[in-house]
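Coordinate inspection notes
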Amino acid sequence: MSRIAAICSLIACLTLSSCGREQQWPARPITLICPWSAGGGTDRVSRQMAVQLEAELGVPVNVVNATGGGGVTGHTRGATAVPDGYTLTMATVELNMLHWRGLCPITPRSFRPLTKLNEDSAAIFVLNSSPWSSVGDVESAVQNADQPLKASGTAAGGIWHLALAGWFSSRNLPTENVTWISINGSAPSLQELMAGGVDVVCCSIPEAQSLLDAGEIRCLGVMSDERCPAAPDVPTFKEQGVDWSMGGWRGLMYPKGVPEDRVGVMQSALAKITRSDEFKEFMTNAGFNVSVIQGEEFGEFLDTADEDFGRILNQPGMKQQQKAPVGRYFVPGILGALGVLIGLVGFVLSRRAGSPLVEGESVATRSETESPTDARLVVGFIVAILLFLIACQTVGYVIAGSALLLAMLLMLKTRVSWAALIVVVAVPGLYQLFAGVLGVPLPWGWLGW
Amino acid sequence: MSEPFVQALHDVFGRPDVWLIVFLSACYGIFVGSIPGLTATMAVALFVPMAYWLDPVAAVAAIVTMVACAIFAGDLPTVFLRIPGTPASAAYADEAYRLTKKGQAQRLLGIALTCSVFGGLLGTVVLMLLGSQLARVAQWFSVTEYFWLYLIGLSCAVLVSSGNARWKAMLSLVLGLLLATVGLSAVHVQPRFTFGWPSLYQGISFIPAMIGLFGLSEVFANLSAQENQTDQIQNGETTSFGRLISEAFSGLATRLKQRPVGSTQAGLLGVLIGMLPGAGADIAAWVAFAAAKKNVAEESDEESIRAIGDATTANSAALAGGWIPALVFGIPGDSVTAIVIGVLMMKNVTPGPAIFEDQAALVYSIYLVFLLANLIMLPIGFLAIRLGGFIVSIPKRYLLPVIVLFCVTGSYALNGSLFDVGTMLVMGIAGWGLSRHKFPLGPVVLGLVLGGPLEERFIQSLTASGGNPVGLVNRPVAAILAVVAVIITTGIVRTMVRELKPDPSV
């Protein structure tokens, strides 16, 4: 009797704690996917947008850093999210490039573009002690190099690599005279420039601002039509007689298929934010170059950019540049061989020793303090977690989590009333902790929480 | 006393709002750090939007305090539950939990806390006195030097393991390194071992892997039907609060008296490693832990506590180290300082050499904030240890399921992806199997963390030298590091060969 009462009250509690269904949109927290890691430029812009969207729309906006795979993970998740308007993606220029490199099927056409926020042009940096003082000096150095010039700024095939390679091939310079060292990110590339490991770094001006201000490095030119407001002393490529411009962009997008009225609400909120002084002040202070285009115009911009990138990425010189000195299975191969070797040594050792002294001893102490594990319980727990994994997205965290916890407690022969009490306290508590306090969006599911 | 210094004193100590912010950040840092799956970096990233409304001194004070507290708080679940709260605690998870089982948890944490504070203060002093000179050291480190540094870091994982189980540690390490090759290879920009599965492009995220390897596997090992009716994770100690504090301080005092060189060395090591962009608190803890353990003949509890103390000193000292390149060149020493640079730039303050002249008061404030953060960590840390002590007195059959739910939620939280929960589960099963056969788990985590960067630096060095292996040693610092790495490796191989030869005395 008490069991039934306990379970009934548990269900009642869980149902009551869910709020009313949505009457007006948006009615629950919005997720903003950032494909790059916490602390980087894209993350900073995402978090700023989240704060302002939150104020504008009146619901929490949580940033999720879906990092990895050079942007593949985040963009794929953004494009394949449920198109209910509750998932936004901070897309970056890599969206124009990943599909050309055959890394994922996602293209700008997989998204519904909302607003482009900014565009940062590529620029060329050298050490202060470098003999080069203009873009032309670098060009003649490449032309007459006896050993290849070393350059970096991002991973091979990244936007800044493209900018540099595109510049050289547009000027018909021998691209084999430049070795691109694939370093992940502009900060470590600049560190490499300081350490003398590379001769030239190509990245955007805000990324190099502090070293530039410190006088440690110089900027030879920026690949844009107009000078960068953050560094007005730096001449453009055009001013130096080189007709070449390239840059990266960031913009907010919806997955395809979001209802038009919701797109409208979001679009007008974004329009209001991008016109606000707060947004402009933030972007200027952080050194990001504001360049706002909305809706369809943004779509057209993406189509043109996509064609341009396709042309550059399919050049033979570019493909050749991406080759690394050792193949991709070289290191795993060595590791595998090493593993087999160590395994053999270990096998011989354990065969010879029978039961080594220390091991025997520790087994003894272990068995004193612990009784043997019950394999059935382990299997039970594993199955419970697997079921949680399968069900969580559909039924939501609270229901799936409660079921998981309840199942595990019962497997350990806890009294049902106690188990129910623990579930009622622990699951909503954890949900509040993660979703409420820490801003981690847990799946909502049926409760529409 | 110079005017900026007085201004800084006033800015930090004279403002009640700064005190309040520091206090709240300390609580927040302890809280986030002690939840497995939420790292110090995440704590700071979540805070950034709030930093917008604070002035630079208050914003920096909050960040410094929450990070210092989060790194210490990472030790709490490590010691009580064997789940490293942050990656910086993974090095000594096994060792610390062994002591917990002997009822030493509170004593160990007390010492870890005082050692963290000592490391933090030492790091601050180094930052104050030598910051701008030391920043030049980072300039010697190109990709090649990092390659050797990471290799030395990896060999530490093997050195840490005891006696004749060394081959097992090496095998664990290789397993971790192999797992790290899954996903999109950063230098080749080509997928490996992904089997066409888009989720695997990001590779195996090491935080869910760490939670699974240590946390879930420990839960599995504890599942036994007969026992859970009555059993509690052994607590044994009923230390009073006063005794906990006095023991923690006398522990630190003895350490400083008996081996002043060793403790200071661990701190300095931490600063140096933390200063190098790409290394950080987690590697600092590994290296210091290995250095403390390498000369130990037999294993005793006291030796373990000593080594863990060194490791906690080093990971806290590394935090201050990370600020050196950030302040001097604007190059972030780790992901936290990357965020700090962003926050400072948002406030129109650009880090770099000029900051020491233009914004001297702010620089002094940062130093003072470091001191304040480490001091406020003491009382809050002791309270947290005390509260954490209650966890272990909960009967296992209630505790274990809640731990599992925490593991699941924590690994989901990092990337908001259920795939990571799956990773956690698989790693939990693997970790359970490995521990049953006495394979150490720490090296797997270190392999996962360092595997990617190691391969990247290796291939970058080769690209730079046009495929010529001589490029790996033709810079002076690289050559020195290479010699160190070779000495350590031959040492390890020699002991293995000696073990292979039939030993007549056995």
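None of the values given here were measured: they were computed from a predicted structure. Starting from 1, residues in each chain are numbered consecutively following that chain's sequence as written. Here every chain gets a letter starting at A, and every ligand a number starting at 1, in the order they are written. Two thresholds apply to this predicted model, a pLDDT of at least 70 for residue-level local features and 80 or more for giving and counting side-chain atom pairs, whereas whole-chain, interface and lining totals are computed over all residues. Each side-chain value is derived from all of the structure's non-hydrogen atoms; neither hydrogens nor water enter the calculation.

Residue and element names in this part refer to chain B. As a rule, the C-alpha atoms of each element are fitted with a line to give its axis, helices using only the stretch in contact, and angles between N-to-C directions run from 0 to 180 degrees. The numbering of helices and of strands both runs from the N terminus, where a helix is a DSSP run of H or I of at least 4 residues and a strand a run of E of at least 2. Between helix α13 (residues 281-293) and helix α20 (residues 442-464), the least distance of the axes is 12 Å, while the angle of their chain directions is 140 degrees. For the element pair α13 / α20, the angle class is oblique. Between α13 and α20 lies a crossing of left-handed hand. Taking contact as the criterion, the partners of Asp282, Ile283 and Trp286 in α13 are, on α20, Gly442, Pro443, Leu446, Val449 and Leu450. Should an angle fall under 35 degrees it is called roughly parallel, over 145 degrees roughly antiparallel, and 65 to 115 degrees roughly perpendicular, with every other angle called oblique. Two helices crossing with the near one rotated counterclockwise from the far one by less than a right angle form a left-handed crossing, whereas a clockwise rotation gives a right-handed crossing. We call two residues contacting when some pair of their heavy atoms lies within 4.5 Å.

This brings us to the interface of chain B and chain A. Facing the 105 residues of chain B at the interface are 108 residues of chain A. Joining two parts hides part of their accessible area as seen by a 1.4 Å probe, and the buried area is that hidden amount summed over both. Between chain B and chain A lies a buried interface of about 9300 Å² when both sides are counted; carbon and sulfur atoms form 69% of it. Take a side-chain nitrogen of Lys or Arg and a carboxyl oxygen of Asp or Glu: if they are within 4 Å of each other, that pair is a salt bridge. Our count for the contact surface shared by chain B and chain A stands at 0 salt bridges. A 3.5 Å cut-off defines polar contacts: any pair of N or O atoms within that distance qualifies, except that in protein one atom must be a possible hydrogen donor and the other a possible acceptor, and neighbouring residues in sequence count only when both atoms are side-chain atoms. Connecting chain B to chain A are 6 residue pairs in polar contact (both at pLDDT 80 or more). For the side of chain B that touches chain A, the leading source of residues is helix α18 (residues 396-415) of chain B, giving 16 residues. Residue composition of the side of chain B that touches chain A, by class: 67 nonpolar, 24 polar and 14 charged. Under this grouping Gly is polar, as are all residues other than the nonpolar Ala, Val, Leu, Ile, Met, Phe, Trp, Tyr, Cys and Pro and the charged Asp, Glu, Lys and Arg.

Moving on, we get to the nonpolar core. Among soluble globular proteins, nonpolar side chains are generally buried collectively. To define a nonpolar core, start from buried Ala, Val, Leu, Ile, Met, Phe, Trp, Tyr and Cys residues and group those joined through side-chain atoms within 4.5 Å. We call a residue buried when its accessible area falls under 20% of the maximum for its residue type, exposed when it is over 50%, and partly exposed in between, using a 1.4 Å probe and counting protein chains only. In this structure, Tyr397, Leu405 and Phe434 of chain A together with Val67 and Trp323 of chain B are the most contacted members of the largest nonpolar core, which totals 217 residues. For this core, the domains that each give at least three residues are domain 3 (330-369) and domain 4 (375-447) of chain A. Apart from the residues within four sequence positions on either side, phenylalanine 434 of chain A is in contact with Gly439, Val440 and Leu442 of chain A together with Ile35, Leu38, Thr409, Gly410 and Ala413 of chain B. Core analysis: the second largest hydrophobic core is formed by 74 residues, Val138, Leu173, Val198 and Met246 of chain A among them. What counts as a domain boundary in this text is fixed by an automatic or database domain assignment.

Do not read the predicted coordinates in detail wherever pLDDT is low. As a per-residue measure, pLDDT tells how confident the predictor is, with possible values from 0 to 100. Across chain B, the average pLDDT comes to 82, with 91% of residues at or above 70. Long-range and interchain partners of residues 228-236 of chain B, a stretch whose pLDDT sits below 50, account for 20 contacts in this model, where long-range means more than four residues apart.

Side-chain pairs of opposite charge can arise whenever the charged atoms involved come near each other. In total, this model carries 20 salt bridges over all chains according to the counting rule given. Across the pair arginine 250 of chain A and aspartate 120 of chain A runs a salt bridge whose closest N-O atoms are separated by 3.7 Å. Taken as a pair, arginine 250 of chain A in strand β9 (residues 247-255) and aspartate 120 of chain A in strand β4 (residues 111-127) lie far apart in primary sequence, 130 residues in all. When its relative accessible area of 13% is taken as the criterion, arginine 250 of chain A is described as buried. Notably, a salt bridge pairs arginine 107 of chain B with glutamate 302 of chain B, separated by 3.4 Å at the nearest N-O pair. With arginine 107 of chain B in helix α7 (residues 105-138) and glutamate 302 of chain B in helix α14 (residues 301-329), this residue pair connects regions lying 195 residues apart in the sequence. Three or more residues joined by partner-sharing salt bridges are found here, namely Arg15, Asp17 and Asp55 of chain B.

A few words now on the packing of aromatic side chains. Aromatic contacts are taken between Phe, Tyr and Trp rings whose centres are within 6.5 Å, Trp giving its six-membered ring; a plane angle under 30 degrees counts as stacked, one over 60 as edge-to-face, and the others as tilted. Within this structure, the stated rule accounts for 23 aromatic pairs over all chains. For the pair phenylalanine 388 of chain A and tyrosine 397 of chain A, a centre-to-centre distance of 6.3 Å together with 85 degrees between the ring planes defines the contact as edge-to-face. Relative accessible area serves as the criterion here: at 2%, tyrosine 397 of chain A is assigned to the buried category. When the ring of tyrosine 146 of chain B is compared with that of tyrosine 150 of chain B, the centres are 6.1 Å apart and the planes differ by 35 degrees; the resulting orientation is tilted. Placement of both tyrosine 146 of chain B and tyrosine 150 of chain B in helix α8 (residues 143-160) is noted, with a separation of 4 residues, approximately one turn of the helix. Joined through ring pairs, the aromatic side chains of Phe330 of chain A together with Phe147, Trp148 and Phe458 of chain B make up one cluster. Criterion for a charge above a ring: Lys NZ or Arg CZ within 6 Å of the ring centre, and within 35 degrees of the ring normal. The side chain of lysine 116 of chain A reaches across the aromatic face of phenylalanine 301 of chain A, ending 4.1 Å from its centre.

This part is about the pairing of strand β1 (residues 30-34) of chain A. All names here are of chain A. Counted residue by residue, β1 has 5 buried out of 5 residues, so it is predominantly covered. Taking every second residue as pointing to the same face, both faces of β1 are buried, with Ile30, Leu32 and Cys34 on one and Thr31 and Ile33 on the other. Only strands joined by at least two bridges in the DSSP assignment are considered to pair. Two elements, β1 and strand β2 (residues 61-65), share 5 bridges in a ladder whose sense is parallel. Bridge pairing links isoleucine 30 to valine 61 in β2. Here β1 runs beside strand β3 (residues 87-92); their pairing, made up of 3 bridges, is parallel. Within β3, the position partnered with threonine 31 by the bridge is threonine 87.

The two faces of the sheet receive side chains in turn, since in a regular strand these alternate between them. All names here are of chain A. Among the 6 residues of β3, 6 are classified as buried, and the element is accordingly described as predominantly covered. With burial as the criterion, each face of β3 is covered, one bearing Thr87, Thr89 and Ala91 and the other bearing Leu88, Met90 and Thr92. Bridge count between β3 and β9: 4 bridges; the pairing is antiparallel. Each residue of the ladder has a partner; that of methionine 90, found in β9, is leucine 252.

What follows covers the environment of proline 332 of chain A. Mapping proline 332 of chain A onto the fold places it in helix α13 (residues 330-353). Judged by relative accessible area, proline 332 of chain A falls into the buried class, the value being 6%. Apart from the residues within four sequence positions on either side, proline 332 of chain A is in contact with Leu178, Thr181, Arg192 and Phe193 of chain B.

Taken together, the side chains of Val379, Val383, Leu387 and Ile390 of chain A define a hydrophobic patch exposed on the protein surface, amounting to about 390 Å² of accessible area. Classification of valine 379 of chain A by relative accessible area gives partly exposed; the value is 49%. Exposure above 30% relative accessible area and the lack of any salt bridge qualify a residue for a patch; like charges then connect within 9 Å, and the nonpolar side chains Val, Leu, Ile, Met, Phe, Trp and Tyr within 5 Å. Note on areas: these come from Shrake-Rupley sampling with a 1.4 Å probe, and a residue is covered only by the protein chains present in the view.

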